[in-house]
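Chain by chain, the residues:
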Amino acid sequence: MASDLETKAKEAFIDDHFELALDLYSQAIQLNPKNAELYADRAQANIKLNNLPEAVADANKAIELDPSMSKAYLRKATACMKLEEYQTAKAALESGAALAPGESRFSKLIKECEERIAEENGELPKEMLNEVTSNVVPAKEVELVKDVPVPMTTNVVPIKEVKHAFYQKPDEVVVTIFAKGTPHECVKVDYGEQILSVAIEVPGKDAYHFQPRLFGKIIPEKCRYDVLSTKIEIRLAKAEPIHWASLEFSREVAVPQRVNVSSVTANQRPVYPSSKPKRDWDKIEAEVKKEEKDEKLDGDAALNKFFREIYQDADEDTRRAMQKSFVESNGTVLSTNWKEVGAKKVEGSPPDGMEMKKWEY
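These numbers were taken from a predicted model, which means no experiment stands behind them.

Colleague: Which parts of the structure should I look at to understand the overall build of the protein chain?
Modeller: When its secondary structure is counted, the protein chain shows twelve helices and seven strands. Looking at the protein chain as a whole, 37% of its 361 residues are labelled buried. The long-range share in the protein chain, meaning contacts at least 24 apart out of those at least 6 apart in sequence, stands at 52%. Here the protein chain has roughly 23500 Å² of accessible surface; of this, 51% comes from carbon and sulfur atoms.

Shown next, in the form of structure tokens:
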């Protein structure tokens, strides 16, 4: 029965009916879950449908079941290159090339990966320093597609009981899969540059697969996971200390760039985005001062303004004279002559018709 489904799946794939081929391969895998060939072929169908994380997971499963299958490494590399995970793709290609030394596609794609990695690092690969290649024809396995929405998290078999959550620190993201009582040997976790692949396959239960493309890049060799009694805890080492707006990648959310603090000089302040309109506070301050200066006041307010302006524009001796005369006269005298005020105590001089009285405590 499984062989019949596999034959029909291959026919559907040849006729470009990729969704039908995917469905038929999935049915065949349910009947024969240890067949590496089925996973490798389903990976190719997923690549055609742009289900890239699923393609990587299928290729990884095929490699696990049959490490000598060179085309499984090719499938994995193809999907990773479309995801722009060139380091992971190159590693898969090198493993596949060792198994199939006569296959030219591996060497061509390895060279392409090296060029892409060099571009990301802002440098040229060693081979291109002596020769500029302008006619590199990518292998048929790789059909780089741009501006196509990347699928997000996919549970191959929906499991209502299994949920996940995440939190983050400056240097890592911790993903928790709430799968209670899962045996350690039934959990498989793989990491790519920007891919997480989790598979839980407990005998007698539906399989659970969680394969998101991550918001940011990670360092696979520094990632680890623990299977606990109530959950599976996965620690992803961030490649850059940036804040992840979500666990999964989205073209609608830009990945923030890390600020190089050492490159910011004392006279250069980092500029941060804001939803509020920018205001010129120097201009606003100048306008307020002009309004205050031009303001028309009457009575005591006008007199107080007049004295403030005198004090503001006065030299140090004039200010001392104004302060001393005002305090010693109990607010009845205001002099600007320091030579006169500084030599003696200033006596109070009440207005006509009024008299000075000493305050009794």
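Colleague: Help me out: how do you make sense of the sheet that holds strand β1 (residues 163-168) in this one?
Modeller: What links the strands of a sheet is backbone hydrogen bonding, and the strands pair in either a parallel or an antiparallel sense. One open sheet holds the four strands; their spatial order is β1-β2-β7-β6, and the pairing between them is antiparallel. Two strands bound the open sheet, and with one partner strand each, they are β1 and β6 (224-227). Across the sheet, the mean angle separating the axes of adjacent strands is 15° when strand polarity is ignored. Both β6 and strand β7 (residues 232-237) contribute to a ladder of four bridges, which runs antiparallel. Bridging from a neighbouring strand, Val227 pairs with Ile232 of β7.

Colleague: I keep staring at the pairing of strand β3 (residues 187-191) and nothing clicks. Help me out?
Modeller: Regular strands have side chains that alternate between both faces of the sheet. Going residue by residue along β3, you find Val187, Val189 and Tyr191 tucked away on one face and Lys188 and Asp190 left uncovered on the opposite face. When β3 meets strand β4 (residues 196-200), the two strands line up antiparallel, connected through five bridges. The partner of Val187 across the bridge, within β4, is Ile200.

Colleague: I would appreciate a short explanation of a nonpolar patch on the surface in the present structure.
Modeller: A contiguous nonpolar surface patch, about 290 Å² in accessible area, is contributed by Phe326, Val327 and Leu334. Following the sequence through the fold, Leu334 ends up in the loop between α11 (316-328) and α12 (338-341).

Reading the values: the criteria
Residues numbered from 1 in each chain as written. Predicted model: local features only at pLDDT ≥ 70, side-chain atom pairs only at ≥ 80, totals over all residues. Heavy atoms only, no water. Helix = DSSP H or I, 4+ residues; strand = E, 2+ residues; numbered from the N terminus. Buried < 20%, exposed > 50% of the residue type's maximum accessible area, 1.4 Å probe, protein only. Contact = heavy atoms within 4.5 Å. Areas by Shrake-Rupley, 256 points an atom, 1.4 Å probe, with all protein chains shown as cover. Pairing = 2+ DSSP bridges. Axes fitted to C-alpha atoms, helices over the stretch in contact; angles between N-to-C directions. Patch = residues over 30% accessible without salt bridge, like charges linked within 9 Å, V, L, I, M, F, W, Y side chains within 5 Å. Salt bridge = Lys/Arg side-chain N within 4 Å of Asp/Glu carboxyl O.

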